[in-house]
Amino acid sequence: MNDKQEMYYKVRDFICKVTRKQELKDDDDIFEGGIINSLFAMQLVLFLEKQFNIRINGTELKRDNFKNINTIVKFLEEKQSKL
Amino acid sequence: MSDYNQNQYQRYVSEFLESNITPYANKFEKEGSFDREIIYKISEAGFLGANIPEDYGGSNLDMLQIGIIHEQFARVSSSIRSILTSSGMVALAILRWGNEKQRRKWLPRLASGECVGAFALAEQEAGSDAGNIQMEAVREKNHYILNGQKKWVTMGQIADLYLVFAKCNGNYTAFLVEKNKCVLVEKQDGLLGLRASMIANLSFENCKVSDGNILGVEGAGLEYVASSCLDYGRYTVAWACLGISQACVDICVNYVKKRRQFGAALIEHQLIQQMITRMIVSTNAVRLYCNNVARLRENGEAESIVETWSAKYLSSKAANEIASNAIQILGAEGCCDKHPIERYFREAKIFEIIEGTSQLHEIIIAGSYS
C-alpha cells in the first residue's frame, strides 16, 4: 500500500466510524446531507492534525477542502507536499 | 504533570485567591461588578494568558493547570472566573484560527488584561439553536457592515474586543469587533448568579468592520470558530462545577462533625452518612473524568471533543445535586449567605445551562454513540 492509499483508508475509516455510515461514497458531501455536524467538524480537524502531523489554519477552513473523502485526501496531499 | 506539581500549582492558585479575591468576592457579587485592578492581578499571576503561548505574552499552561485554575476560582468567585473563560475563548479563537497579524495584535493585550475579550453568539431567537442567528454582515469593498443584536454576552459591559458571529451571504462568519460607538452596550441585571460577570446585551448598528478582522474564512464561523471556543468553554465549566462540588463536600464534612442534633454529631446519623458518601464519591468520579479529558485535550485527541461534552454534562449535573444536598445538610444555615453554599446552589443551576443546556448535551452525547 502506498502513502496515498494509506492516507485514504485512514481518512475513510475515521469518517465512517464517527458518522457510523460504512456505505459512504468517496464523493458524498459529508456536510451537505446532515451526515456531519459541528461536533464532527472539530473532531475531523483534530483527527487530521494528529494523524498526519499537520496544523490546519483558519484560511484552510473552506468547505471545499473537507467536502468529501476525495477532497480531504487531496487537501492532505497538498498540505504534506508543502512540508 | 506529576501529583506533586499538581498540588503545588493548586496551592499557588488557592493562595492567590485567598489574598486577592476572597476578601472582596461578596462585595463584587452585591455590586455586580469588579475593578479593572483585579483583572491586572489575574493577568500578573499568569491566569488570564493561560491558553496563550509565551511568544504572545501568555503563560502557556497545560490543560490540567487550566482545569485547576477554574476549579479553584469557582470555589471563591464564579463571576471573576468567568472572565477567564470569556477572554480565554476569544484568545483561543485568535490563536487557533487567526492570522499572524491578528495574533500579534491581540494576544499580548488579552494576556495582559489591557484588552478584555467577550464571546457574542447568542441572540433572542438563537440560544441552543445557534444556527438561527439573525445578525447580518454585508460586504462592501474591503470591509463589512454588521447589523443585529446579541444577548447574554459575559463581560460584555467591559469588553474591548468582541468575537461576533453573523451571517454573510448565508454563511456563518466570525468577526473581531473592537469596542466603538456603533456597539451599544446594555447592562443585564437581575441574574440568578454570577452577578458580577458583567453580562450585557449588545446592539450593532451599521458597524463597519475591516475584512482584516474576519477569523478564518467566510462560512467557518459556527462549525469551526464558535465550536472550538465553546469546546474550551465547556472544559472550563466542567472544572468550575468540580470546584463547586469539592467546596460543598469540604464545607459539609467539616459541618457534620461539629453540628450536634439528638445528642450526637450529624455524621453519626446514617441518613447523613449516605448523603456525604454520595457527595464524596460523585465528586471523585467527576475529578477522574475531568483529569482524563485534560489528558485527551493535551494530546489533541479527536475524542476529546465528545468527552468534553460528557465531562461538562456529568460535572454540572453532579454540582446541582451536591449543592442541593449541601443546603439540605446545613439546613437553615445553608439558606443564608453566611456560607457560600447558597451561592454554589444558584451557580450550579446556571452551569447546567451555559455552554449548552444539559438537554442539548444529551442530544449530542447520545447522537455520537448511535
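Residues numbered from 1 in each chain as written. Chains lettered and ligands numbered in written order. Predicted model: local features only at pLDDT ≥ 70, side-chain atom pairs only at ≥ 80, totals over all residues. Heavy atoms only, no water.

Glancing now at the overall build of chain A. On a plain count of helices and strands, chain A comes out with three helices and zero strands. For chain A, the α and β elements follow one another from N to C terminus as α-α-α. Principal-axis analysis of the C-alpha atoms places the extent of chain A at approximately 35 × 30 × 20 Å. Burial analysis of chain A (83 residues in total) assigns 49% to the buried set. Considering only contacts in chain A between residues 6 or more positions apart, those separated by 24 or more positions represent 56%. With an accessible surface of roughly 4600 Å², chain A has 44% of that area assigned to carbon and sulfur atoms. In chain A, 15 positive and 14 negative side-chain charges are present, and the distance between their average locations comes to 4 Å. (Helix = DSSP H or I, 4+ residues; strand = E, 2+ residues; numbered from the N terminus. Buried < 20%, exposed > 50% of the residue type's maximum accessible area, 1.4 Å probe, protein only. Contact = heavy atoms within 4.5 Å. Areas by Shrake-Rupley, 256 points an atom, 1.4 Å probe, with all protein chains shown as cover. Lys, Arg positive; Asp, Glu negative; His and termini not counted. Charge placed at Lys NZ, Arg CZ, Asp CG, Glu CD.)

Across chain A, the average pLDDT comes to 88, with 93% of residues at or above 70. Highest mean pLDDT in chain A belongs to helix α3 (residues 69–81) of chain A (93); lowest belongs to helix α1 (residues 3–19) of chain A (90). (pLDDT = per-residue confidence, 0-100.)

Between chain B and chain A, the contact holds 21 residues from the first and 23 residues from the second. Three residues stand out in chain B for area buried against chain A, namely R96(B), E223(B) and Y224(B), and they jointly supply 33% of the buried area on that side. Across the chain B-chain A interface, the total number found is three salt bridges. Residue E49(A) is joined to R96(B) by a salt bridge in which the shortest nitrogen-to-oxygen separation is 2.6 Å. Taken together, the connections running from chain B to chain A amount to four residue pairs in polar contact (both at pLDDT 80 or more). Of all the elements in the fold, those that place two or more residues in the side of chain B that touches chain A are α5 (78–97), α7 (221–258), α9 (304–330) and α11 (358–368) of chain B. (Buried area = accessible area lost by both parts, 1.4 Å probe. Salt bridge = Lys/Arg side-chain N within 4 Å of Asp/Glu carboxyl O. Polar contact = N/O pair within 3.5 Å; in protein donor to acceptor, adjacent residues only side chain to side chain.)

Moving on, we get to the domain arrangement of chain B. Residue and element names in this part refer to chain B. When the domains of chain B are assigned, the result is domain 1 (3–112), domain 2 (117–218) and domain 3 (222–368). Counting from both sides, the interface comprises 25 residues of domain 1 and, opposite them, 29 residues of domain 3. Of the roughly 2200 Å² buried between domain 1 and domain 3 on both sides combined, carbon and sulfur atoms contribute 60%. On the domain 1 side of the interface with domain 3, the three residues burying the most area are M63, E71 and R75, jointly 30% of the side's total. If you look at where domain 1 meets domain 3, you find two salt bridges. As a salt-bridge pair, E71 and R287 come within 2.7 Å of each other at their nearest N and O atoms. (Domains from an automatic or database assignment.)

Residues and elements named next belong to chain B. At M198, a residue that is not glycine, the phi angle is positive and equals roughly 45°. In this structure, M198 sits in the loop between β6 (183–187) and β7 (200–210). Relative accessible area serves as the criterion here: at 3%, M198 is assigned to the buried category. Even without a glycine there, the phi angle at E355 is positive, about 60°. With respect to the helices and strands, E355 occurs in the loop between α10 (341–351) and α11.

Let's shift gears to α10(B). Residue and element names in this part refer to chain B. Burial analysis of α10 places nine of its 11 residues in the buried class, the great majority of the element. Inspection of α10 places I341, E342, R343, Y344, R346, E347, A348, I350 and F351 among the buried residues, and these make up the whole buried set. Considering only its buried residues, α10 is in contact with α2 (25–31), α4 (63–76), α5, α7 and α9.

All right, on to the pairing of strand β2 (residues 136–140) of chain B then. Residues and elements named next belong to chain B. Pairing of β2 with strand β3 (residues 143–153), which is carried by five bridges, proceeds in the antiparallel orientation. Each residue of the ladder has a partner; that of E136, found in β3, is N147. Turn length for the β2-β3 hairpin, with the two strands adjacent in sequence and antiparallel, is two residues, and the turn residue K141 shows positive phi of about 50°. (Pairing = 2+ DSSP bridges.)

What follows is about the environment of T85(B). Residues and elements named next belong to chain B. Assignment of secondary structure puts T85 in helix α5. Linking T85 and L230, residues 145 residues apart in sequence, is a C-alpha distance of 9.5 Å. Residues within four places of T85 in sequence aside, it is in contact with H70, G233, T236 and E355.

What follows covers the pattern of salt bridges. Side chains that differ in sign of charge can pair as their charged atoms come close. Residue and element names in this part refer to chain B. Taken as a whole and assessed by the stated rule, the structure comprises 26 salt bridges over all chains. In this structure, E100 engages R103 in a salt bridge whose closest nitrogen and oxygen atoms are separated by 3.0 Å. In this pair, E100 and R103 both sit in helix α6 (residues 100–112), three residues apart, roughly one turn of the helix. Here E100 falls in the partly exposed class, since its relative accessible area comes to 34%. One salt bridge connects E352 with K349, and the closest N-O pair in it is separated by 3.0 Å. With a relative accessible area of 10%, E352 lands in the buried category.

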